[in-house]
Amino acid sequence: MTDAKPPKPRRPRGAAESLATIVLGFESIVVFLGGLVVYGLKALPASIAPWWGIVAGAVVALLMILTTRVVRYRWGIVLGWALQAIVLLGAFLVPALAVVALIFGGMYGYATIKGAALDRRNARLAAQSPEEH
């Protein structure tokens, strides 16, 4: 027989962390595909090989996935905003990336701002006594 340890309980996550994780996770797929578009359209300057578009898209997508692990910290949220800015800068190469940046940037903003407000509200309600609910 094996000594099976009970599973470790999951760390509670707030709304801001959960929503930001979802947005960054889905956006990473779109960013990788955006890198393929940069490659396919040969949108990089002539002095840069087109395959760097795929590399850049893959790196930014990977950074977004890794950022989902640290959005519980304030600096993780800021890193997510920096990645949103990088996607917006991609619009200089492919203007359609501006639409991606606006849509996902808006969703990320809503996730972080409204999620933080929900977290504060939930903390305030949890701090109140049960009779006050």
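The preceding data block contains the structure.
Draft legend 1. Focus on the packing of aromatic side chains. As enumerated under the stated definition, the model contains three aromatic pairs in all. Aromatic pair Y73 and W75: ring centres 5.8 Å apart, planes at 5 degrees, arrangement stacked. When its relative accessible area of 39% is taken as the criterion, Y73 is described as partly exposed. Judged by centre distance (5.1 Å) and plane angle (80 degrees), the rings of W81 and Y108 are edge-to-face. Of the two residues, W81 is situated in helix α3 (residues 74-89) and Y108 in helix α4 (residues 96-127); the sequence distance between them amounts to 27 residues.

Draft legend 2. A look at α4. Taking 1.5 Å as the rise per residue, α4 with 32 residues should run 46 Å; its terminal C-alpha atoms sit 46 Å apart, in good agreement. Listed as buried for α4 are L97, V100, A101, F104, G105, Y108, G109, A111, T112 and G115. Tucked inside the fold, the buried residues of α4 contact α1 (15-40) and α3.

Reading the values: rules and limits
- Residues numbered from 1 in each chain as written.
- Predicted model: local features only at pLDDT ≥ 70, side-chain atom pairs only at ≥ 80, totals over all residues.
- Heavy atoms only, no water.
- Phe/Tyr/Trp six-rings, centres within 6.5 Å; stacked < 30°, edge-to-face > 60°.
- Buried < 20%, exposed > 50% of the residue type's maximum accessible area, 1.4 Å probe, protein only.
- Helix = DSSP H or I, 4+ residues; strand = E, 2+ residues; numbered from the N terminus.
- Expected span 1.5 Å × (residues − 1).
- Contact = heavy atoms within 4.5 Å.

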